[in-house]
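# Secondary and tertiary structure notes
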Amino acid sequence: MWRNRNVWIILSGEFIAGLGLWVGIIGNLEFLQRHVSSDFFKSLILFIGLLAGVLVSPMAGKVCDRFPKKNVLLYSGLLRMISVIFMMLALHFSSIGWMIMFTIVIQIAAAFYFPALQSTIPLVVEERQLLSMNGVHMNVSTISRILGTALGGLLLAVVSLYFLYIASFIAYGLLLVATCFLQVSEEKSLTGRQQGKKANFSEMIPILKQYPLVKISLLLTIIPTLFLGGFNLTVINISELQNDSTIKGLLYTVEGISFMVGTFVLKRIAAKYDMQKMLYAFSLLIAFAHVSLYFADIKITSLLSFALFGFSVGCFFPTVATIFQKTIPKEYHGRFFSLKNMLDRIMFQIVLLGTGFLLDMIGLKNMMVVFGAVSFILVIYFFAKESRQSVTVQGHDSSL
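Let us look at the structure shown here.

Conventions we followed
Residues numbered from 1 in each chain as written. Predicted model: local features only at pLDDT ≥ 70, side-chain atom pairs only at ≥ 80, totals over all residues. Heavy atoms only, no water. Core = buried A, V, L, I, M, F, W, Y, C linked by side-chain atoms within 4.5 Å. Buried < 20%, exposed > 50% of the residue type's maximum accessible area, 1.4 Å probe, protein only. Helix = DSSP H or I, 4+ residues; strand = E, 2+ residues; numbered from the N terminus. Contact = heavy atoms within 4.5 Å. Axes fitted to C-alpha atoms, helices over the stretch in contact; angles between N-to-C directions. Parallel < 35°, antiparallel > 145°, perpendicular 65-115°, else oblique. Left-handed = near helix turned anticlockwise from the far one by under 90°. Nonpolar A, V, L, I, M, F, W, Y, C, P; charged D, E, K, R; others polar.

## A closer look at the nonpolar core
Val-214, Leu-220, Ile-238, Phe-306, Phe-324 and Phe-336 are the most contacted members of the largest nonpolar core, which has 63 residues in total. Per element, the largest residue contribution to this core is 11 residues, and it comes from helix H14 (residues 299–327). Excluding residues that lie within four positions of it along the chain, Phe-306 makes contacts with Phe-227, Phe-231, Thr-234, Val-235, Ile-238, Leu-251, Val-254, Glu-255 and Leu-293. The next biggest cluster of nonpolar side chains, apart from the first, holds 27 residues, and it includes Val-56, Ala-111, Met-133 and Val-136.

What follows is the structure, encoded as C-alpha cells:
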C-alpha cells in the first residue's frame, strides 16, 4: 500500500485540507462567539449550511457515479477555495449573512468531495488493504485536526482572524494541486459512470435491503452523531463551565489522540471478533461517554470522557467505512456514499439544533444525560430487534 503513489497523494491532500478546515473552524467559533450570544442561534446558522449539503446530495451521488471522480474532487476543491472568500467578506463587514453564504458553499463542496473521495479509495488500493487504508486515512485526518486546532488557537492569539482564513485558503489551494497528480483507473469506474446515466438515487433502497450489515451500521451511526453533531458547542460550553479557555484545545487533542489509538487497536482485534458485535460494543462505549459528561465541570473527568469517545469512534468509523466499501458494489459507491452523506447531514442538523436548544433550556450536564439515555435505548432496541429476527449478516468478511 505504501508504494502506491495515489495513496500518498490522497493522504497528503487530506492532511493539508484538514489543516485548512480546522484552522477555519477555530476562526468560525471565534466569529460566532463575538457576534452571536445564543447557542440556539449559533446552531441555526450552522444548520443552514448543512441543509444546503443535504439538498444537493442526491445530485452529488449521481455526479460521482457518472463522471470521473478526479474531476469531482477538483471542482469541489475549487469551490472550497471560493467559500473562504465569502468568510473574508463576513469578517470585513462583520456580517452574519456572508458567514451563512460561506457555510452554504463549503457544505455544498463537501457534499460532492467526500462521496467522491470514499468512492476513489477502493479504486486505488486492493480490497484486502481497505481497512488499513481507512484507518490510516482517518488517522491523518485526526492528526491534521489536532495540529489545525492548535495552529488556529496559536494564530488567534497573535494575529487577526483574517490570517486564519488566509491560511485556510492556501491549504485548500495546495489540496487542489495535489489532486491534479491523482491517477484513478477510469476502466474500473467506467461501469459505474455508464449506470449512473440511467440510475436513480432511489435505487439504493433495495440495495440496502440486500445487505443487513450495511443497514445496521447506518442505524448505529446515529449514536456517535449525537456527540459529533454538537461537538463544537459542547466544547465551548465545557470551557465556559470550567471558566478555562485552554480546555478547548486539550479536549480536541485528547479526543484526537484517543481516536488514533482506537484505529491501532482495531487493526489488532478486527480478525478475532465479529464486526456486528464490535459495532454494538463501541456504540455502548460512546453512550457511556455521553453520560460521563454529566461531570463536565471536573477537568479530568471531561478529558477522560473525550478520550473514551475518541477511542470508541476510532474503532467504529474505520470498521463502518470498510464494511460499506467491501459490501456495496463499486458501481453504486457514488450514490451510496452520497446517500450516507445526506443521512449524516440530516442527523447533524437535528442534533445541532437540538444541542443548541437543550443547552439553552436545560444546560450541558442534563443534555448529556439525555443523549446518553437515547444512545443506550437505541443500542438495546436494535440488538433486541436483530436477535428476535435472527438476522444472518451478508457480506461479512472475517478479514475485516
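## A short note on the environment of Leu-174
Mapped onto the secondary structure, Leu-174 falls in helix H6 (residues 161–180). Since its relative accessible area comes to 44%, Leu-174 is described here as partly exposed. Taking C-alpha positions, Leu-174 is 7.1 Å from Ile-16, a pair spaced 158 residues apart along the chain.

## Considering the packing of helix H1 (residues 5–35) against helix H11 (residues 231–242)
Where H1 meets H11, the closest approach of the two axes is 12 Å, and the angle between their N-to-C directions is 60 degrees. It follows that H1 is oblique to H11 by the angle criterion. Crossing handedness for the pair H1 and H11: right-handed. Two secondary-structure elements touch here, H1 through Trp-22, Ile-25, Leu-29 and Gln-33 and H11 through Asn-232, Ile-236 and Glu-240. Within the contact of H1 with H11, the residues separate by chemical class into 4 nonpolar, 2 polar and 1 charged.

## Notes on the packing of H1 against helix H3 (residues 69–93)
A pair of packed helices is captured by two measures, namely the crossing angle of their axes and the spacing between those axes. Here H1 crosses H3 at 25 degrees, and the two axes come no closer than 12 Å. When the axis of H1 is compared with that of H3, the two are roughly parallel. Remark: the crossing between H1 and H3 carries left-handed chirality. Residues Ala-17, Asn-28 and Phe-31 of H1 form the contact with H3, whose own contacting residues are Arg-80, Met-87, Ala-90 and Leu-91. Its residues assigned to classes, the contact of H1 with H3 comprises 5 nonpolar, 1 polar and 1 charged.

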